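# Structural features, examined
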Amino acid sequence: MVALVLFQRATGRELWHLALPGQACDKATRDALLDLEDAGRARPDGWARGRKLWCLTKAGHKEAAGFLPPGTKLSTVREQESAGYDEHALDVVATAGHLTRAGYGSPLTLTTEVRHSVPGHRARYADLVLRDPGAKVPVLLVEVDRDNETVGQLVEKLATYTAWCELLAKGADKDRAKAARHDGAAVHDHRHWRTVYPPTGHEGYPPVALVLAPGRKRDRPGTKPLTPEQQAEKAERDHHRLLRRIDAVEASSAAYWSPRPYPYAGVSAGNYHLALPVVATTLQLLEDQGADAPVWRRFGRAGWHTLTAGLDNPDGDRLLAIERRAAAAARRAREQAEREASRPACTRCEVKLTDAEWDRARWGERVCMSCQKEESDRKRAPPPRPKRRPPRPPRRRTPAAPGGAATDPPAVRPALQRGVQHDCNAPGRLATVLRP
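Residues numbered from 1 in each chain as written. Predicted model: local features only at pLDDT ≥ 70, side-chain atom pairs only at ≥ 80, totals over all residues. Heavy atoms only, no water.

### Describing the packing of helix α6 (residues 151-165) against helix α8 (residues 228-252)
Counted only if it meets this: An axis is simply a line fitted to the C-alpha atoms; with a helix, the fit covers only the stretch in contact. Between two such axes, the angle follows the N-to-C directions and lies from 0 to 180 degrees. Strands here mean DSSP runs of E at least two residues long; helices mean DSSP runs of H or I at least four residues long; both are numbered from the N terminus. Any angle from 65 to 115 degrees is called roughly perpendicular, while one under 35 is roughly parallel, one over 145 is roughly antiparallel, and all others are oblique. The crossing is said to be left-handed when, going from far helix to near helix, the turn is anticlockwise and less than a right angle, and right-handed when the turn is clockwise. We call two residues in contact whenever any of their non-hydrogen atoms come within 4.5 Å of each other.
Put simply, α6 and α8 touch, their axes get as near as 9 Å, and they point 50° apart. The angle between the axes of α6 and α8 places the two elements in the oblique class. Of the two elements, α6 crosses α8, and the hand of that crossing is right-handed. Contacts between α6 and α8 involve Val151, Leu154, Val155 and Leu158 from the former and Arg245, Ala248, Val249 and Ser252 from the latter.

### Re unusual backbone geometry
What counts here: Relative accessibility under 20% of the residue-type maximum defines a buried residue, over 50% an exposed one, and the middle range a partly exposed one, all with a 1.4 Å probe and only protein chains included.
Although it is not a glycine, Glu113 sits at a positive phi angle of roughly 55°. Secondary-structure assignment places Glu113 in strand β4 (residues 110-116). The exposure class of Glu113 is partly exposed, given its relative accessible area of 39%. In the Ramachandran plot, Glu350 falls in the positive-phi region, its phi being about 65° despite a non-glycine side chain. Looking at where Glu350 falls in the secondary structure, it is placed in the loop between α12 (317-341) and α13 (355-361).

### Describing the nonpolar core
Formally: In these notes, a set of buried Ala, Val, Leu, Ile, Met, Phe, Trp, Tyr and Cys residues joined through side-chain atoms within 4.5 Å is what counts as a nonpolar core.
Ranked by internal contacts, the top residues of the largest apolar core, which has 42 residues, are Phe7, Leu99, Tyr104, Leu128, Val142, Trp296 and Leu307. Residue contacts for Tyr104: discarding those within four places in its chain leaves Leu99, Leu130, Lys136, Val137, Ala291, Asp292, Leu307 and Thr308.

### Observations concerning the pattern of salt bridges
Side-chain pairs of opposite charge can arise whenever the charged atoms involved come near each other. The condition is simple: Within this document, salt bridges are pairs made up of a side-chain nitrogen of Lys or Arg and a carboxyl oxygen of Asp or Glu, the two lying within 4 Å of each other.
Taken as a whole and assessed by the stated rule, the structure comprises 23 salt bridges. A salt bridge links Lys157 to Glu149; its shortest N-O distance comes to 3.1 Å. Residue Lys157 is classed as buried on the basis of its relative accessible area of 10%. With a closest N to O distance of 3.0 Å, Lys234 and Asp238 form a salt bridge. Note that Lys234 and Asp238 are positioned in helix α8 at a spacing of 4 residues, about one turn of the helix. Look at Lys234 and you get partly exposed, because its relative accessible area is 34%. When its relative accessible area of 13% is taken as the criterion, Asp238 is described as buried. Three or more residues are tied together by salt bridges with common partners; here these are Asp145, Asp147, Lys234, Asp238, Arg241 and Arg245.

### Concerning helix α3 (residues 27-38)
As a reminder of what qualifies: Expected span of a helix, by definition, is 1.5 Å for each gap between consecutive residues, and there is one gap fewer than residues. In this description, one arc is meant: the one made by directions from the helix axis to the C-beta atoms.
If you check α3, its first and last C-alpha atoms are 17 Å apart, about what 12 residues at 1.5 Å a residue would give, namely 16 Å. Along α3, the residues classified as buried are Thr29, Leu33 and Leu36. Down the axis of α3, the buried side of the element spans an arc of 60°, and every buried residue falls inside it. For α3, the exposed residues set more than 90 degrees away from the buried face come down to Asp35 and Asp38. Looking at the buried residues of α3, the elements they touch are α1 (2-7), α2 (12-19), β2 (42-48) and β3 (51-56). Positive backbone phi, at 75°, marks Gly40, one or two positions downstream of α3.

### Overview of the sheet that holds β4
Rules: We treat two strands as partners when DSSP finds at least two bridges between them.
Pairing is mixed in the open sheet, where 6 strands are placed in the order β4-β5-β6-β7-β10-β11. Strand pairing shows two members of the sheet lacking a second neighbour, β4 and β11 (297-298), which therefore form its edges. Two strands pair when backbone bridges link them, and strand β6 (residues 139-145) and strand β7 (residues 208-212) are joined in this way by 5 bridges, in the parallel orientation. If you follow Leu141 over to β7, its bridge partner there is Val208. Along the sheet, helix α5 (residues 87-101) makes contact with β4, β5 (124-131), β6 and β7, crossing β6 at roughly 145°.

### Describing the packing of aromatic side chains
As a reminder of what qualifies: Within 6.5 Å between ring centres, the rings of Phe, Tyr and Trp (the latter by its six-membered ring) count as paired, and their orientation is classed by plane angle as stacked under 30 degrees, edge-to-face over 60, tilted in between.
Scanning the model with the defined rule gives 2 aromatic pairs in all. Pairing Trp164 with Tyr197 gives two aromatic rings, centres 5.7 Å apart and planes at 65°, and the pair type is edge-to-face. You can see Trp164 sitting in helix α6 and its partner Tyr197 sitting in the loop between α7 (174-179) and β7, a full 33 residues away along the chain. We note that Trp164, like Tyr197, is buried. With a centroid separation of 6.2 Å and 70° between ring planes, the pair formed by Trp257 and Phe299 is classed as edge-to-face.

### Focus on the sheet that holds β3
Read from one edge to the other, the open sheet built from 3 strands follows the order β1-β3-β2, with strand pairing classed as antiparallel. The open sheet terminates on both sides in strands that have one partner only, identified here as β1 (10-11) and β2. Examined bridge by bridge, β2 and β3 share 5 bridges and lie antiparallel to one another. Looking at the pairing, Ala42 lines up with Leu56 of β3.

### Some words on the pairing of β6
Within a regular strand, side chains alternate between the sheet's two faces. With 7 of its 7 residues buried, β6 lies for the most part within the structure. Side chains of β6 alternate between two faces, with Val139, Leu141, Glu143 and Asp145 and Leu140, Val142 and Val144 buried alike. Examined bridge by bridge, β5 and β6 share 4 bridges and lie antiparallel to one another. Looking across to β6, one finds that Leu128 is bridged to Val142.

Any functional reading would require information beyond the geometric quantities listed.
What follows is the structure in structure tokens.
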């Protein structure tokens, strides 16, 4: 009932994705619709794509509105059954179901036909808006196209969303807002969109998702229905045509989603803070693989991504921080190399001075601490003592004769040489034998 009061009409398949995404099929949803029909709360409202459409009665609409918080946007009550149906509205409900089944929001966080007014421009109504603060995708503006708009009209929608995101908040200072354009994420503090939507969790404005579906052309009367093989071939051709359409929109809207370059040398990161993130897919890919699969094309990036990876900016602020750290490290290494090249050496031992020695050398002699210590030790050392001569032996004196004075021993004549034997029997001579 809550899903029907929000989206007005849906088949059991779409309600299955919205209300019971954990079920394996839509049988439980169809049984619940039959019970609501018996209770007078719901009724059939035509057929669409081979399935029965359902809507709420007045009683069911009133009861379902009581389950929602005040201020919730509700759909209108359908008074009578209609044979026709809106293909675009059904695709919007199908997209909401695929997002809910993938874990992106719930029926209470999804709103249809949200107005975005820009002065001087025609107001834009987003087909579907996801508001889920704190979730992995807090906000998402969804545009569903069924070949009913040209590439130029889709680009104009992106231009309108960009202009709306650049509106200043009420009471914001224009000069400060202009100066904040160079301060990264601080620029959004002055924007009006921050008063409407929660923070996105990434750089840039609220993201926009384009979901493309093939338009349905009425068959001419009398034409034969297509065989299953022909239907498969037609679906393949339609899918490739939609992919080419995505490429055309991407090429024509680069001015809105492309990041701005940073005015720093050697920086390849982009400034996404003033860019509009845009992802695109087809309804067929959502039905075949699911909204949590890599079925999203991020404008300006190659390949297919999941929704969370597609909205991320790995080449944004994170890359800028890495490159700034690398540039700072390279600058420090270069300055250190230049400093080492100009580092002086000791004038005595020719060893490079340390930083402390270099600072002291600016006001004195360029001498290292080791040489200074040696010089200081040399100056403080006491002078060497003179060598002391050995004492002379005392002269030997012969004992004195009784009653006489002591006499010096007779001096050895210089003629006495070592190894010379003199005649001991010579009268009046001292016989001396010097042994070798």
